[in-house]
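# Coordinate analysis (summary)
Next come the chains, spelled out residue by residue.
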Amino acid sequence: MQRSDLRKLAVAAAALVGLSACLAGCGDNRTPPPTRAAYEAGAPEALPCVPNLDGKIEASELTPQIGIPATYLVSPSGKERTVDVAGAPNAQGQLAWSLGVDFADDLALTVRASTVEGKWYASSFPQPGAFVAPFDAGGRVEGVYLHSPERLSLLGLASVAPDVPEGKTLLVYGTPVELYRFPLAPGAEWSSVGEVRDATLRGLPYAGRDTYEVKVDGAGQLALPDFVLTQALRVRVKVTVAPAAGQTTTQRQTQFLFECLGEVARATSKLDEPQENFTTALELRRLGLGP
């Protein structure tokens, strides 16, 4: 065998050794790919409240959610709306209200509850658990409330700051006003009186007596611009304000409440409205998506 043939044989042998090494590395001794487990979705986060549509609203279904925003469609200030708060039976014989007209000039109002801590008037409302929510659509006055298993109470009113242009307001009821008594269900009715002494209203000294007459008198389907609620409660509120000096006035509100969502619609009448089923609202607000 010639020397060149020996060289070729050596090269071929070296190539076989390298191939064997590669096959060994890719064979039984190789590192296997990791085993992947099948994806499993985590448990969904539990909702704080789930409607059970039992025809009534318990305290647990109307619990304030601190810091959680809610958006309402609200008629502009000074713009009256025609409303039908009486309702009528639908094709299924259920009482129904139609508040679903989409008004082009409606405005978006974001409402959220907060704790009383840090407010300039906090020391006037020392009750543990007191919380705050806007009292008017303009956000100039705040209501201070207390929620319990038995009732939702209004403790008083205060301006958002002590130096607002229209003048400071601070009204503290001697006895809290009962806005809602739980459970809310058709047929429930009550009256609650709150007296105010040594108070301030728009920068002026004030004393007076506010009487809230409340009744739950209907349940049915409520149509709003963005959704339909199949079992809303109608709550009628008549407020009589009797100041120590000045004219006594009344105003009506027709509210619609739904389990877990709270107030989903509200129509506020003109002053001294005589009709329970009033047809002209100074303000109409409805839960919705906004612009």
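Residues numbered from 1 in each chain as written. Predicted model: local features only at pLDDT ≥ 70, side-chain atom pairs only at ≥ 80, totals over all residues. Heavy atoms only, no water.

## With respect to the layout of surface pockets
Applicable threshold: Every definition here rests on a 1 Å grid over the protein atoms only: cavities are sets of points where a 1.4 Å probe fits but cannot get out, pockets are open sets enclosed by protein on both sides within 12 Å along at least five of seven lines, and lining residues have some atom within 4 Å of a point. Grid points are joined across faces, edges and corners, and a volume is the space filled by probe spheres set on the points. Working definition: helices are DSSP H or I runs of at least four residues, strands are E runs of at least two. Numbering for both runs from the N terminus. Residues are sorted three ways: Asp, Glu, Lys and Arg are charged, Ala, Val, Leu, Ile, Met, Phe, Trp, Tyr, Cys and Pro are nonpolar, and all the rest, Gly among them, are polar.
By volume, the second largest pocket amounts to about 170 Å³. What lines the second largest pocket is a set of 13 residues, among which Glu213, Lys215, Arg236, Lys238 and Glu276 lie closest to the centre. Secondary structure elements with two or more residues in the lining of the second largest pocket: strand 11 (189-201), strand 12 (204-223), strand 13 (228-243) and strand 14 (249-258). Partitioning the lining of the second largest pocket into residue classes produces four nonpolar, two polar and seven charged.

## Quick notes on the side chain of Glu273
Short version of the rule: Burial here depends on accessible area, computed with a 1.4 Å probe over protein chains only, as a share of the maximum for the residue type. Under 20% is buried, over 50% is exposed, and the range in between is partly exposed. Under the convention used here, Asp and Glu are negative, Lys and Arg are positive, and both His and the chain ends fall outside the count. Any Lys or Arg side-chain nitrogen located within 4 Å of an Asp or Glu carboxyl oxygen qualifies as a salt bridge.
Counting through the fold element by element, Glu273 comes out in the loop between strand 15 (262-268) and strand 16 (280-281). Here Glu273 is buried and forms no salt bridge, its nearest opposite-charge partner Arg252 lying at an N-O distance of 5.8 Å.

## A look at the packing of aromatic side chains
Where we set the bar: Pairing of aromatic rings covers Phe, Tyr and Trp, the last counted by its six-membered ring, and requires centre-to-centre distances within 6.5 Å; plane angles under 30 degrees mean stacked, over 60 mean edge-to-face, and any other angle means tilted. Geometrically, a lysine NZ or arginine CZ counts as sitting over a ring once it is within 6 Å of the ring centre and also within 35 degrees of the ring normal.
Evaluation of the coordinates by the stated rule reveals four aromatic pairs. Centroid distance Phe131 to Tyr145: 5.6 Å. Interplanar angle 25°. Geometry classified as stacked. Of the two residues, Phe131 is situated in strand 7 (residues 131-134) and Tyr145 in strand 8 (residues 141-147); the sequence distance between them amounts to 14 residues. Phe131 sits in the buried class, given a relative accessible area of 9%. You can call Tyr145 buried: its relative accessible area is 11%. An aromatic cluster of three or more residues is present, and its members are Trp120, Tyr121 and Phe125. Over the aromatic face of Phe103 sits the side chain of Arg81, whose NZ or CZ is 4.0 Å from the ring centroid.

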